[in-house]
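Residues per chain, in single letters:
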Amino acid sequence: PAEVTDVFFKCMRLFGDQKNPRLRRMAYLLIKSLPVGETEVFMATASLAKDMHSNIDCYRANSIRVLSRIIDGTMVNQIERFLKTAIVDKNSFVSGSAILAGITLMKVAPEVVRRWVNEIQEATGSKHPMVQFHALALLYELKKTDRLGLHKVVIQLAKSQMKSPMAECLLVRYATQALMSDRDPAIEKPLMAYLDSCLRNRSEMVTYEAARSFCQLAAVDTSGQGTSVFGFDAVHAITVLQIFLTSPKPVVRFAAIRTLNQLAQHRPLVVSRCNADMEPLLTDSNRNIATLALTTLLKTGHESNVERLIKQISSFMNDISDVFKVEVVRAVKGLCLQYPSKQKLLTHFLSVHLREEGSQEFKNDLVEALITISNSIPVAKPTVLGHLCEFIEDCEYAGLCTRVLSFLGHEAPNTAAPANYIRFIYNRLILENSMVRAAAVDALSKIACKCPTLRRDILVLLEASRNDNDDEVRERICLYQQVLKTGDKATADNALEELVSVDTEFSLDALYENLGAHLQSESCGVLFDITNVPTQDVYEKAKAAAAPPVPAKKGAAAAAEQAAAPQSAPKVNEQLMNAVEQIFSGTDIGAVLNSTSAQPLTETEAEYTVSVYKHIFQEYIILEFYCGNTVPGTRLENIAVSLKGYDTTKFREVGSIGIGALDADQCESAYVALQKAPSEDGLGVQTAQFKTVLTYLLKEDGDDLGYDDEFPVEGFAITVGDYVSPRGVPGGQWNAAWEAIGAQGMEAQGKFVLNYKSLEAATEGVRKSLNMTAEEAESGSAKAATMRLSGTFAGGSQVVVKALIGLDPQRGCLMKVAVRAKNEAVCNAVVNVFA
């Protein structure tokens, strides 16, 4: 700090030299770079203020820019008048510097800068391109939190003629953001007309930005078909990009092909009209352009062109970066899923690059692509397994090797000759590190479990490695040997399936706490009983009930927020259990199997807010209606919730508890208990639609009698998703859970037609219908996606779901879903959600 201060004061002496402008500019740069303290700010401000009133424009402009960097927010008012005047200065350097100072001061004194809006709007009409550009950027910063104000500014500027191409590009981007954020018919037509006019601009950058905006809007316009985007024809935009593909400038060709590549994810048929212009780019000297051209052609090309495209990409695959290699792999995977007849050629292409040098990310994408192809195209399974076996012989990444071994252990028993893969797995058991050796032991044990004819040979191999120097490997071998040597085959199979399963009937956190308590208790010598350990749901709800209550907010807004907020479900607390005891007169109805999050039944701004929580028991469902009164000066009494219009063969109301009184800014819960009719599968899953009516006695201030009234409340439904908790498998363990549960042979499948027009809407709709946690969906192409979901069914049964969703021009949105769980009835119940 002392050295900085010394340098600063010596630098300030340079301000006395008015004859050397270059030295003065170096002094400005140094002051802007130094961390100026509070003591030095006053001296710097005084010197810079003199330069702000100088007759030399260069000094004025630079002093404004430096002062905005070092000044404190409380001192901005002292120079506000000068900055407002400088914004509309005739000199473009001074005007631009003042606007840039405003952008900087938005971080420390935004309320001051907002008072300059008139001067800034005037600067947007400047004849100087950079002044216009910076003024538009600052105007956006001022208006971005005001949606209507921003729309008004964008529409007004769109009707004027911007002189700066950069400002025009910025305005195009703001117009695109406005269209993407809000489907308002009042702004769609003028802004789309503006974007269409920009396609005919004389500036190349403006023309490209407008064409790019059409492509971005095409991705979010799910209702549009073909070249229609928000009711406008995008043919002109595609034509512009098509012309740019033949530009002599590499940056223009790259921008055009990159935009078309992104559009091909959503509308490949539209991009296919540019195939003839993209094919010459395959031999472009810029390998990035050639790679983007290839991946775009893979998404839009025909089956007959696959072989030629693969040969061309093989010639320069080693010359591109791993980022583009990953894009190629994903495009090849999507092409293979689209044209299964080409799987042999495409899997060979992937396997060749799997054996070559590459980063872990690249190799991981190759392995996952081959596994996806194997799962989707059964004919390709033996070929893929062979390629993966060759890969792990020289794999340098332990995590990838473990992934492949897990896949081999699950899939090898389902092939015609599972013995062919044992040699490759055993080699890893004697040559690799401990983590890979442990995975090899698991794989061999899985094969032994499913292939009794190979069990004896595998036991011999495990015996040879029993003296491994790693504790975990030795213990796994001993444990698996003991299970596999059990005389009863059925007992051995069931025991091994339990060992390799990642699904537990109890909470690991609860097990840890109970074991600690058991060791400290007087009965520590007694064998610990694991059946007393609760499930994860029960454990979490017990912890939440024991947690101290959060202080309640005050006011009408807080009441509305508490009643209508859908983000958190009520905890299984003493209030709920007291309501259950009161309704059922002390009869034990069992533990809560699942509780849903809040579902608002009224608008947040309504006079009275109501949201419903559903508490699932084995034979009953308790509906908790959380009601709030947001009207000052009113009191609600004798509040009751009535259910109508539901199927009485599935549910029977057995009791209810109303709310005695509800003053303003208060929230309370009313309860309705429903008994479920027995289901044929024994799960107790019943679904129905309900209509809801809220009745009460309304009293206003000064009125002791009041009058009876009703409040309109939306209906709701009890669905299969309400029986599912979104608590899924831990991150990155979905594949292991899928294989482990699949080893038990409990799976249900189904094919359905969904009422969605886009993949994004379909994937989100499926996730919400099942109420499960979803891993990131894999988009094999613009027409197909793979979803991996997991959750916990009421009672603690873990469920994993794989859904393949595709768009067919003739039949619409199609889905093939596979569900795995320990209970076959659970699998069928989840599949029937879409029936």
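Check the entry above for the structure.
Predicted model only: the values in this text are computed from it and were never measured. Positions within a chain are numbered from 1, following the residues in the order the chain's sequence is written. With the structure being a predicted model, the display of local features is reserved for residues of pLDDT at least 70 and the display and counting of side-chain atom pairs for 80 or more, all residues being used for whole-chain, interface and lining totals. Values shown for side chains rest on all heavy atoms present in the structure; no hydrogens or waters enter the calculation.

S.K.: Help me out: how do you make sense of the overall build of the protein in this one?
M.R.: Here a helix means four or more residues in a row that DSSP labels H or I, a strand means two or more in a row labelled E, and each is numbered from the N terminus. Secondary structure summary: the protein contains 36 helices and 20 strands in total. The buried label applies to any residue whose accessible area, calculated with a 1.4 Å probe on protein chains only, is under 20% of its type's maximum; exposed applies above 50%, and partly exposed to all values in between. Per-residue burial over the protein gives 51% buried out of 835 residues. The contact definition used throughout considers only heavy atoms, calling two residues in contact when any of these lie within 4.5 Å. The long-range fraction of contacts in the protein, counting pairs at least 24 apart against all pairs at least 6 apart in sequence, stands at 65%.

S.K.: What am I meant to see in the environment of Gln338 here?
M.R.: If you trace the backbone, Gln338 turns up in helix H20 (residues 322–338). Looking at Gln338, the relative accessible area reads 31%, which means it is partly exposed. Considered as a pair, Gln338 and Ala784 are 446 residues apart in the sequence and their alpha carbons are 8.5 Å apart.

S.K.: Mind showing me how you'd approach the pattern of salt bridges here?
M.R.: Pairs may arise between side chains of opposite charge once their charged atoms sit close together. When a carboxyl oxygen of Asp or Glu is within 4 Å of a side-chain nitrogen of Lys or Arg, the pair counts as a salt bridge. For the structure shown, the criterion picks out 27 salt bridges. Where Arg60 meets Asp89, a salt bridge forms, and the shortest distance between an N and an O atom there is 2.8 Å. Of the two residues, Arg60 is situated in helix H4 (residues 57–70) and Asp89 in the loop between helix H5 (76–87) and helix H6 (92–105); the sequence distance between them amounts to 29 residues. The closest approach of N and O atoms between Glu637 and Lys699, which form a salt bridge, is 3.3 Å. Of this pair, Glu637 sits in strand S7 (residues 634–644) while Lys699 sits in strand S11 (residues 688–700), and the two are 62 residues apart along the sequence. For the residue pair Glu637 and Lys699, the accessibility class agrees, reading buried in each case. Taken together, the salt bridges that share partners define one network made up of Arg635, Glu637, Asp663 and Lys699.

S.K.: Is there a simple way to think about a nonpolar patch on the surface in this case?
M.R.: The patches reported here contain residues having more than 30% relative accessible area and no salt bridge. Joining distances are 9 Å for like charges and 5 Å for nonpolar side chains (Val, Leu, Ile, Met, Phe, Trp, Tyr). Residue-level accessible areas treat just the shown protein chains as cover; the underlying method is Shrake-Rupley with a 1.4 Å probe. Residues Leu23, Met26 and Leu29 make up a contiguous nonpolar surface patch of about 270 Å² in total accessible area. Following the sequence through the fold, Leu23 ends up in helix H2 (residues 21–33).

S.K.: I tried to follow the packing of helix H18 (residues 287–300) against H20 on my own but got confused; where do I start?
M.R.: Helix-helix packing is described using two parameters, namely the angle between the two axes and the distance between the axes. A fitted line through C-alpha atoms represents every axis, and for helices the fit uses only the stretch in contact; the resulting angles, taken between N-to-C directions, go from 0 to 180 degrees. Where H18 meets H20, the axes come as close as 9 Å, and the angle between the chain directions of the two elements is 15°. It follows from the interaxial angle that H18 and H20 lie roughly parallel. In the crossing of H18 with H20, the sense of the turn from one axis to the other is left-handed. Where H18 approaches H20, its residues Asn288, Thr291, Leu292, Thr295 and Leu298 are matched on the opposing element by Phe324, Glu327, Val328, Ala331, Val332 and Leu335. Class assignment for the residues of the contact of H18 with H20 results in seven nonpolar, three polar and one charged. Angular relationships are summarised with four words: roughly parallel below 35 degrees, roughly antiparallel beyond 145, roughly perpendicular across 65 to 115, and oblique for the angles in between. By definition, any crossing whose near helix is turned counterclockwise from its far helix by less than a right angle is left-handed, and any crossing with a clockwise turn is right-handed. For this classification, the nonpolar set comprises Ala, Val, Leu, Ile, Met, Phe, Trp, Tyr, Cys and Pro, the charged set comprises Asp, Glu, Lys and Arg, and every other residue, Gly included, is treated as polar.

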